[in-house]
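So you can see what is in the structure, the chains are spelled out below.
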Amino acid sequence: MATGCQSSPELTMEGLCQPQEAKSEVTNQLLDLQWKMGMAVSSDSCRSLKSPYIAVTLKVADQSGQITNKSFEMTIPQFQYFFKQFKEMAAVIETV
């Protein structure tokens, strides 16, 4: 069954092909994911934080096509757990 998707040298969520069956059950679609690593160096309550974090922005389209951006930050332990969960998902996908 041809999906009409073409491979692209730039990997973005918008460029990924998705089976029609999976799309029909999803209420929102992830269009893009942007991330950056930052370092909190100080705040009004602490002069020397030196605390790394990961900032993530998700670009999501709802069923009507309205696009919204959702942003959040993760500590390094939160990111490590997030990464572990994605590795587990990838392992399950490999068995399909």
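Bear in mind that the values here come from a model prediction, so they are computed numbers and not experimental data. Along every chain, residues carry numbers that run from 1 in the direction the sequence is written. Since the coordinates come from a predicted model, pLDDT governs what is reported: local features require at least 70, and pairs of side-chain atoms require 80 or more to be given and counted, while whole-chain, interface and lining totals use all residues. Hydrogen atoms and water are omitted, and side-chain values are computed over all heavy atoms in the structure.

### Notes on the overall build of the protein
And then number 1: Only runs of H or I of at least four residues qualify as helices and only runs of E of at least two qualify as strands under DSSP, and these elements are numbered from the N terminus. Along its length, the protein carries two helices and three strands.
And then number 2: For the protein, the N- to C-terminal ordering of α and β elements is α-β-β-β-α.
And then number 3: With a 1.4 Å probe rolled over the protein chains alone, any residue whose accessible area is under 20% of its type maximum counts as buried; one over 50% counts as exposed, and the rest are partly exposed. By residue count, 9% of the 96 residues in the protein fall in the buried class.
And then number 4: Only heavy atoms enter the contact rule, under which two residues are in contact if any of them lie within 4.5 Å. Considering only intrachain contacts with a sequence separation of at least 6, the fraction spanning at least 24 residues in the protein is 28%.
And then number 5: Where accessible areas are quoted, they stem from the Shrake-Rupley method and a 1.4 Å probe; at the residue level, only the protein chains shown are allowed to cover. When the accessible surface of the protein is summed, it comes to about 8200 Å², and 56% of that surface belongs to carbon and sulfur atoms.

### Notes on unusual backbone geometry
And then number 1: Its identity as a non-glycine residue notwithstanding, lysine 50 has a phi of 45°, on the positive side.
And then number 2: Assessed through its relative accessible area of 64%, lysine 50 is described here as exposed.

### Overview of the side chain of aspartate 32
And then number 1: Relative to the helices and strands, aspartate 32 resides in strand 1 (residues 28-40).
And then number 2: This count recognises Lys and Arg as positive and Asp and Glu as negative, with His and chain-terminal groups excluded. By definition here, a salt bridge exists when the distance from a side-chain nitrogen of Lys or Arg to a carboxyl oxygen of Asp or Glu is within 4 Å. Although aspartate 32 is buried, it forms no salt bridge, and the closest oppositely charged side chain is lysine 59 at an N-O distance of 5.9 Å.
And then number 3: Of note is the side chain of aspartate 32, whose polar atom sits 2.7 Å from the side chain of glutamine 34. N or O atoms within 3.5 Å of each other form a polar contact, as long as, within protein, one can give a hydrogen and the other can take it, and as long as residues adjacent in sequence are counted only when both atoms are side-chain atoms.

### Notes on the sheet that holds strand 3 (residues 67-75)
And then number 1: What makes two strands pair is DSSP finding at least two bridges between them. Strand order across the open sheet formed by three strands is 1-2-3, with antiparallel pairing between neighbours. The open sheet is flanked by strand 1 and strand 3, the only strands paired with a single partner. Taking the axes of each pair of neighbouring strands and ignoring which way they run, one obtains an average angle of 20° across the sheet.
And then number 2: Of the pairings in the sheet, the one linking strand 1 to strand 2 (residues 51-62) comprises 12 bridges and is antiparallel in character. Looking at strand 2, one finds that glycine 38 is bridged to tyrosine 53. With axes taken as lines fitted to C-alpha atoms, and helix axes fitted only over the stretch in contact, angles between N-to-C directions fall between 0 and 180 degrees.

### Concerning the confidence of the model for the protein
And then number 1: Looking at any residue, its pLDDT shows the predictor's confidence there, from 0 to 100. Confidence in the prediction for the protein averages 81 pLDDT; 73% of positions are at 70 or higher.
And then number 2: Per-residue pLDDT, averaged within each element of the protein, yields its smallest value for helix 1 (residues 20-25) (56) and its largest for strand 3 (96).
And then number 3: In the model, residues 1-11 has pLDDT below 50 throughout and makes five contacts with residues more than four positions away in sequence or in other chains.

### Describing the pairing of strand 3
And then number 1: Bridge analysis of strand 2 against strand 3 gives nine bridges, and the strand direction is antiparallel. Considered in strand 3, the bridge of alanine 61 is made with isoleucine 67.
And then number 2: Adjacent in sequence and paired antiparallel, strand 2 and strand 3 are bridged by four residues, among which glycine 65 carries a positive phi angle near 95°.

### Here we look at a nonpolar patch on the surface
And then number 1: A surface patch of nonpolar side chains, amounting to about 360 Å² of accessible area, comprises Leu33, Trp35 and Met37.
And then number 2: Within the fold, tryptophan 35 resides in strand 1. Candidate patch residues must exceed 30% relative accessible area and have no salt bridge, after which like charges are joined if within 9 Å and Val, Leu, Ile, Met, Phe, Trp or Tyr side chains if within 5 Å.

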